[in-house]
Amino acid sequence: MEVCRKCGAVLRETDKFCSQCGARIPSPGAKARQAKAEKKKQQKEITFRTKPEKGTHYRENFEEGENRSRALRLTVTILALMMLAVAGFAVYYLHLGRRPSVENSTAGGSAAIEILTEAQAVSEAAAPEEEEPPKEDAAAAQTQKQTEAQTQKVTEKQTEKQTEKQTEKQTEPQTQAPAPAAADVIDVSQIQTLLATQSTATSAEVYIYDLNHDSEVAVNDCTEQLRLSAMITVPILYTAASRIDAGELSMDTEITYVTTIGGRGEFTTESRDGQAYPLSFYLQTMVNYSDNNCINILIDFLGLDSINAVCQEAGYSTIWMERGLVASGNTGGLDNYGSAKDITGMVRDLYTGKFSSIGTDFMKEYFHISEMDSLPTLIGLAPSLADASLLLNQNGHVDTRYLETAVIEDGQAAYILTVMLNGDSGLVYSPAVQNIAEYVSSVLAP
C-alpha cells in the first residue's frame, strides 16, 4: 500500500495525483532514478580511517595512500638535510680548531717564529737519545743554543715593535692643518677700507674672537656703547642662564603671555594672551624667532635692574638697559646700550658652557633666526657664510642701525664675529656686512 507523502492519504496504483490534496505522485521511473542517484552518491563518498573498524585487515583508499607516501618522503628529506648540516658544522669547527690562532696580519712574523719554535721543541723531544758528546762539544753546543735563543728574542722584540709602529700609523687620525690665529692673519685695515667705502656708518665696531686660539681682533673702539636694538636678546639670555644656575629660577617657571608689540616673531597676535608658558618656551622663542613679545615679557619678568646687575657683575660694563622694545618714536628718551666686545664675550660664555642651564646644546638648537624668516638669509652675515658647517646668529636692524653677532665654525676655524653699525638704515649696511664676513672667512678658513 502506498500513501501520499504530503497528506498521508491511501493511494491506488493507477493514481497520478492524490485524491485528497492533489499532490503529484512520483512515477515508478522517477523513483527508480532517485534511488539510483542516491546509491551512486553513497558509492562516491570517501571515508578516511586511522585504524580498522573490525578485524586486523585494513585497505586504504587511493587518496589516503598518496598522503601517507608524500608525508613519508618529506620526513626523510628533512632528516637527510639535518644530517648533512650537522656533518658540515662538525667539519668546519674541526678544521677551525686545527688552524693556528693569529690575531692579525701585522703580527704574522712573531706568530710564525712561535710556531717554528714549538715544532722544533716537539721534534727534539721525539728524537731518540744520543750518546753524551764530549765535554768541549757540549759546552760549545750550549753556547750556540744560548746565542740562538738570544737572537730569537731580539728578533721577536723587533717584530713586535715594527707591528706596533704599523698599527699606530694605520690608526693615526688624518687631521687637517689647524686654522691660523685670527690675530696673525686678519688685516684690520682691510675691514676699515670696506667700512669706509661701502657704508655711511657714523659709528662702527667689528670684533672677532678666535675660539681656538683665545685671541681677539678689534676694528675701531669696540668698547664704545652703541644702541642694541633687538640684540638685547643676548644680555637677556645671559641673565636668565646666570639666575637659573644660581637656583633663583627654573626653566619650568610659568609666565603669563601678554601681547605688547608686533614684530617679526612667530607669535605677534593676541591669541595667546592670558595663557601660561614655562620660562624655557620664552627663551627659545625669543632667540629662535627674535620674537618681540617674548623679549618684552622676559624683560618684565627678569627686571631691568636684574639684567643690568648680572651683566655688570660679570664684567660686561657697557651693557645697560633702560626699556623694552617699543613702536618707533615712543622711546621716551630711553634706550638699551652695549658694545661689540661685551656682546661677543657673553655669546662666548654661553656657547662654551659657562652655564649648565643654557650651554652649547641650547645654543646650537635655538640661537639662530628661524629659516621661516626669510629676511636674515638675504642680508647680513648669512649669505657669505652659507657654506660654513655652523652659523648661530642674532641680529637687529632698524632705520638707523644694523647689528649682528654669530658663532661660526668653518673647517678647522671656530670664531665669533660681531658687527655693530650705527648712523643709517640697517638694510643699507648689508653689502658691507657681507663683504666683511667673506674676508674674515677667507683668511681664517682658507
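Before reading further, recall that the structure is shown in the block above.
The paragraphs below set out a description of the structure included in this document. (Residues numbered from 1 in each chain as written. Predicted model: local features only at pLDDT ≥ 70, side-chain atom pairs only at ≥ 80, totals over all residues. Heavy atoms only, no water.)

## Some remarks on the pairing of strand E11 (residues 401–410)
Within E11, nine of the ten residues are buried, which leaves the element mostly enclosed by the surrounding structure. Two strands pair when backbone bridges link them, and strand E10 (residues 390–398) and E11 are joined in this way by nine bridges, in the antiparallel orientation. Following the sheet pairing, Asn 395 is matched in E11 by Glu 404. Here ten bridges tie E11 to strand E12 (residues 413–422), and the two strands are oriented antiparallel to one another. When the sheet's bridge partners are listed, Glu 404 is paired in E12 with Val 419. (Buried < 20%, exposed > 50% of the residue type's maximum accessible area, 1.4 Å probe, protein only. Helix = DSSP H or I, 4+ residues; strand = E, 2+ residues; numbered from the N terminus. Pairing = 2+ DSSP bridges.)

## Observations concerning the sheet that holds strand E9 (residues 336–338)
Within the open sheet, the three strands sit side by side as E5-E9-E8. Their pairing is antiparallel. Where the open sheet ends on each side, the last strands, each with one partner, are strand E5 (226–227) and strand E8 (320–321). Across two bridges, E8 lies against E9 in antiparallel orientation. Residue pairing across strands places Met 321 opposite Asn 336, the latter belonging to E9.

## Let's talk about helix H11 (residues 340–351)
Taking 1.5 Å as the rise per residue, H11 with twelve residues should run 16 Å; its terminal C-alpha atoms sit 16 Å apart, in good agreement. Of all twelve residues in H11, ten are buried, a share of seventy percent or more. Considered for burial, the residues of H11 that qualify are Ala 340, Asp 342, Ile 343, Thr 344, Gly 345, Met 346, Val 347, Asp 349, Leu 350 and Tyr 351. (Expected span 1.5 Å × (residues − 1).)

## Some thoughts on unusual backbone geometry
In most cases, non-glycine residues show a negative phi, while peptide bonds are predominantly trans. With a phi angle near 50°, Asp 214 is a residue other than glycine that sits in the positive phi range. For Asp 214, a relative accessible area of 58% corresponds to the exposed category. A positive phi is found at Asn 220, a non-glycine position, where the angle reads about 75°.

## Looking at the side chain of Ser 441
Residue position: Ser 441 is located in helix H14 (residues 430–444). When residues no more than four places from it in sequence are discounted, the contact partners of Ser 441 are Leu 385, Asp 410, Tyr 415 and Pro 446. (Contact = heavy atoms within 4.5 Å.)

## Some thoughts on the nonpolar core
Core analysis: the biggest nonpolar cluster contains 56 residues, and Ile 236, Leu 237, Tyr 282, Leu 283 and Met 286 have the highest contact counts within it. Ranked by residues supplied to this core, first place goes to helix H7 (residues 233–245) with seven residues. Those residues within four positions of Leu 283 in sequence are excluded, and the remaining contacts are Leu 237, Ala 240, Met 251, Leu 298, Ile 358 and Phe 362. Residues Ala 179, Val 206, Ile 379 and Ile 408 belong to the second largest nonpolar core, which totals 31 residues. (Core = buried A, V, L, I, M, F, W, Y, C linked by side-chain atoms within 4.5 Å.)

## Here we look at the pattern of salt bridges
The tally for this structure, following the rule as stated, stands at five salt bridges. Between Glu 248 and Arg 243 there is a salt bridge, and its shortest N-O distance comes to 3.0 Å. Among the residues examined, Arg 243 registers a relative accessible area of 17% and is labelled buried. In this structure, the salt-bridge partner of Asp 335 is Arg 323, at a minimum N-O distance of 3.1 Å. Of this pair, Asp 335 sits in the loop between E8 and E9 while Arg 323 sits in the loop between E8 and E9; the two residues are twelve residues apart in sequence, bridging distant segments of the chain. One exposure class covers both Asp 335 and Arg 323, and it is buried. Here the salt bridges share partners, and the residues they tie into one network are Arg 227, Arg 323 and Asp 335. (Salt bridge = Lys/Arg side-chain N within 4 Å of Asp/Glu carboxyl O.)

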